[in-house]
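What the coordinates show
Given next are the chains, with one letter for each unit.
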Amino acid sequence: MRILLVEDDDLLAQAVARYLTKQNYVVDIAADGEAGWELVNVCNYDLILLDIVLPKLDGISLCRQLRQSGYQMLILLLTAKETKTDKVIGLDAGADDYVVKPFDFQELSARIRALLRRGNTSLPPVLEWGALRLDPSTCEVTYADISLNLTAKEFSLLDLFLRNNQRIFSRSAIVDQLWSAEKDPPEENTIKSHIKSLRQKLKAAGANYDFIETIYGMGYRLKALDREQSCPKPEPEIDLKQQQILLTAISQERENFTAKVGSRIAVLKLAADALRKGTLDAQLRQKAEQEAHKLAGSLGSFGFPKGSLLANEIEDLFQTKKFISQAKCFYLDKLLMELQRELEKSPVEQTQNLLLVISNDQQVVEELRNEAENQELQVKIATNIATARSIIISLNPDVVLLDLDIEKDSLKLITELSQQTPQIPVLVFTERNNFSDACGGLRLRLEVARSGGRGFLQKSMPPNEILESVAQVLQQTRITKARIMIVDDDPQTLIVIQQSLEALGLTLKILEDPRYFWDTLTEFSPDLLILDVEMPHINGIELCQVVRNDPYWKFLPVLFLVDNLLGDIVEQIFALGANACLSKAAKKSQLITCILNFVKRR
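So, a few notes on the structure that sits alongside this text. A quick note: this is a predicted structure, and the numbers were derived from the prediction, not measured.

**Quick word on the overall build of the protein**
Counting its regular elements, the protein contains 23 helices and 21 strands. A burial count over the protein gives 50% of its 602 residues as buried. At a minimum sequence separation of 6, the contacts of the protein that also span at least 24 residues come to 67%. Of the roughly 29200 Å² of accessible surface on the protein, 49% is carried by carbon and sulfur atoms.

Spelled out as structure tokens, the structure:
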């Protein structure tokens, strides 16, 4: 499969290209819309990854131009965050789908596979030729259940022949299909060497004839099945080794990106310094705006989600054509310092929520997978309990959807997952009609509940309703991942709060000395701030005022704990922008309910 990536952010483009190459795609890169148009006119592409904001010719215009010229390849737009207008215009211009920047590499890969499946409905998802099987989604090749260890080019060659099993490919046709346009074409002996190696590996696996035959003077093609019988094989499970290879590739790309991103920060600092001195010219302003835009679109993809938000704010400041006050200059300096601090931290994983579906009901599984493509949900499939356990250990899914009809001891898995730390919530679904046998149906529901199951669903439910139940469980799970910062110099109060919240699995940061408030706040990045009023050095009301005066933190929920709810102090607290106020003498249940209400709304 050949992909054209049209993206002016060179660091992001190179990282995406290397990641997709690991999955045996051939990837060409164009840095602007005009270069993209030129490549389309000389190469045949199965899919185009198209950024919207491009120099010379923007992505929307290029998309429209391609469709008006009759090109039918799939187009996946890469859009900036919160640009709904761009998405609508892009889809109207002929794009097939879009991914929002910053994107997760695995999500991008999944969306590409989904598009290619939809765009090539005449092609089977798994390619077979007799006992030979090639699975494009897992990059796994087997002959009579024996796995073949192919190089990337050998895999691409075999994929090309299997998808075009009646066609003869000349050397130049193979080069056009499988070599990137920016690389020098290989020598003829290189093609011969790849095909010879592929033949040898097939024979070593037990193939009793040459799958790829030479048509002298013309090229190569897949040999007709004259001695082989088609042997249907069960659908292979997820290739955990390939998954690990891709995760390692993502980690390597993060390191490459982090090592090279300093030059972009340097441009922003230079522009900020010129802005403060009143010497910022239009050229440097435009350059800073471009670099901030690229950072906003890429930092989250490399594990720095807060960095993307900071870069967005920096871009907004450079975009404004109005006079920028000294206060805004100081704010820009602060954003740059925070951005630098973020990049010094270890990157965090930016993956979608992962749903593991354990079922061998292919129709139900495929319907769920297709529905999940429209939601921020990644789906992995296991057709038996043993495979499911391997996936759980390797990938640690956020939620499991278990088909009760798959195996007799399926309830044991629910018990295992409910007893491990942290728990993995399990919903079950079944074909059994629980209303035709009231007693039996109730007994089954009780068994699921006693095992620790979090939901009981019918297979006959529409896929969107099943995934809605999954989303509700994920929402409950996200509560336990909330981060809460508490600033209080009263040890007794801290003990009560700590015991109450840690029992819920919430992540806490306790600060007794408010003089270290700002550094702790920016480093911990809480979802909720709990403040005491009376403290030495700096009181809680002053801290609340600092938070509400800061553009980045001004919407952070703030809960005050006070000795009593009488007097002017409560009015003062709410006047400064506090979201809630509780007495320290309040019951634990009141405190927990109040905190959970804030966390659910985040």
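After that view, the rundown keeps rolling.
**Describing the nonpolar core**
Nonpolar side chains tend toward joint burial in soluble globular proteins. In this structure, Leu 49, Ile 112, Phe 517 and Phe 560 are the most contacted members of the largest nonpolar core, which totals 81 residues. The element that contributes the greatest number of residues to this core is helix α1 (residues 10–21), accounting for 8 residues. Contact partners of Ile 112, with chain neighbours within four places excluded, come to Ile 3, Leu 20, Tyr 25, Leu 47, Leu 49 and Leu 76. Counting 33 residues, the second largest nonpolar core, distinct from the first, contains Leu 148, Val 175, Tyr 220 and Leu 222.

**Quick look at the packing of helix α2 (residues 33–40) against helix α3 (residues 59–68)**
Between α2 and α3, whose axes approach to 10 Å, the crossing angle comes to 25°. The orientation of α2 relative to α3 falls into the category roughly parallel. You can see that α2 and α3 cross each other, and the crossing is right-handed. Of α3, the residues touching α2 (which contributes Gly 33, Trp 37 and Val 40) are Leu 62, Gln 65 and Leu 66. Grouping the constituent residues of the contact of α2 with α3 by class yields 4 nonpolar, 2 polar and no charged.

**Details of the sheet that holds strand β3 (residues 47–51)**
Strand order in the open sheet formed by 5 strands is β2-β1-β3-β4-β5, and the pairing between neighbours is parallel. Either end of the sheet is taken by a strand with one partner, and the two such strands are β2 (26–30) and β5 (97–100). When strand polarity is set aside, the average angle formed by the axes of neighbouring strands in this sheet is 20°. Both β3 and strand β4 (residues 74–79) contribute to a ladder of 5 bridges, which runs parallel. Its bridge partner lying in β4, Asp 51 is registered against Leu 78.

**Looking at the environment of Glu 416**
The residue Glu 416 is located in helix α16 (residues 410–419) in this model. Residues Glu 416 and Ser 451, 35 residues apart in the sequence, show an inter-C-alpha distance of 8.6 Å. Among the polar contacts made by the side chain of Glu 416, one reaches the side chain of Arg 389 at a distance of 2.7 Å.

**Some details on helix α10 (residues 262–277)**
Taking 1.5 Å per residue as the helical rise, α10 with its 16 residues ought to reach 22 Å, and the 23 Å between its terminal C-alpha atoms agrees with that figure. Among all positions of α10, only Arg 264, Ile 265, Val 267, Leu 268, Ala 271, Ala 272, Ala 274 and Leu 275 are buried. Looking one or two residues beyond α10, the residue adopting positive phi is Gly 278, at roughly 80°.

**Things to note about the sheet that holds strand β8 (residues 140–143)**
Read across the sheet, 4 strands follow the order β6-β7-β8-β9 without closing on themselves; strand pairing throughout is antiparallel. Edge positions in the sheet fall to β6 (127–129) and β9 (146–147), since each of these pairs with one other strand and no more. Pairing geometry for β6 and strand β7 (residues 132–135), over 3 bridges, is antiparallel. Bridge pairing in β7 links Trp 129 to Leu 132. Packed on one face of the sheet, helix α6 (residues 152–163) meets β6, β7 and β8 and runs near 105° to β7.

**Here we look at the packing of aromatic side chains**
This model, assessed by the stated rule, comprises 6 aromatic pairs. Summarising the aromatic geometry, the rings of Phe 103 and Phe 105 are spaced 6.1 Å apart at their centres and angled 70° between planes, so their arrangement reads as edge-to-face. By relative accessible area, Phe 103 is classed as buried at 1%. Considering the side-chain rings of Phe 161 and Phe 169, the 5.8 Å spacing of their centres and the 75° angle between planes classify their relative orientation as edge-to-face. Feature note: the residues Tyr 19, Phe 103, Phe 105, Phe 257 and Phe 302 constitute an aromatic cluster, connected by ring pairs. Directly above the aromatic system of Phe 429 lies the positively charged group of Lys 459, at a separation of 5.8 Å from the ring centroid. Over the aromatic face of Phe 524 sits the side chain of Arg 483, whose NZ or CZ is 4.2 Å from the ring centroid.

How each quantity is defined
- Here the residue numbers are simple positions, counted from 1 along each chain's written sequence.
- Local features in this predicted model are restricted to residues whose pLDDT is 70 or higher, and side-chain atom pairs enter the listing and the counts only when it is 80 or higher, whereas totals over whole chains, interfaces and linings include all residues.
- Each side-chain value is derived from all of the structure's non-hydrogen atoms; neither hydrogens nor water enter the calculation.
- Starting at the N terminus, helices and strands are each numbered in turn, a helix being any DSSP run of H or I of at least four residues and a strand any DSSP run of E of at least two.
- The buried label goes to any residue with under 20% of its type's maximum accessible area, the exposed label to any with over 50%, and the partly exposed label to all in between, with areas taken from a 1.4 Å probe on protein chains only.
- Here a residue-residue contact requires only that any non-hydrogen atoms of the pair lie within 4.5 Å.
- Note on areas: Shrake-Rupley with a 1.4 Å probe; residue coverage comes only from the protein chains shown.
- To define a nonpolar core, start from buried Ala, Val, Leu, Ile, Met, Phe, Trp, Tyr and Cys residues and group those joined through side-chain atoms within 4.5 Å.
- In this analysis an axis means a line fitted to C-alpha atoms, helices contributing only their contacting stretch, and an angle means the value between N-to-C directions, from 0 to 180 degrees.
- Note that the term roughly parallel is reserved for angles under 35 degrees, roughly antiparallel for angles over 145, roughly perpendicular for angles of 65 to 115, and oblique for everything else.
- Crossings are assigned a handedness: left-handed for a near helix turned anticlockwise from the far helix by less than a right angle, right-handed for a clockwise turn.
- In the scheme used here, Gly and all other residues not listed as nonpolar or charged are polar, with Ala, Val, Leu, Ile, Met, Phe, Trp, Tyr, Cys and Pro taken as nonpolar and Asp, Glu, Lys and Arg as charged.
- By definition, two strands form a pair when at least two bridges between them are found by DSSP.
- Under the rule applied, a polar contact is a pair of N or O atoms within 3.5 Å (in protein, one hydrogen donor and one hydrogen acceptor; residues adjacent in sequence only if both atoms are side-chain atoms).
- Residue count minus one, scaled by 1.5 Å, sets the expected span of a helix.
- Aromatic rings from Phe, Tyr and Trp, taking only the six-membered ring of Trp, are treated as a pair when their centres fall within 6.5 Å; an angle between ring planes under 30 degrees marks them as stacked, one over 60 as edge-to-face, and anything in between as tilted.
- Counting as a charge over the ring demands two things of the Lys NZ or Arg CZ atom: a distance within 6 Å of the ring centre and an angle within 35 degrees of the ring normal.

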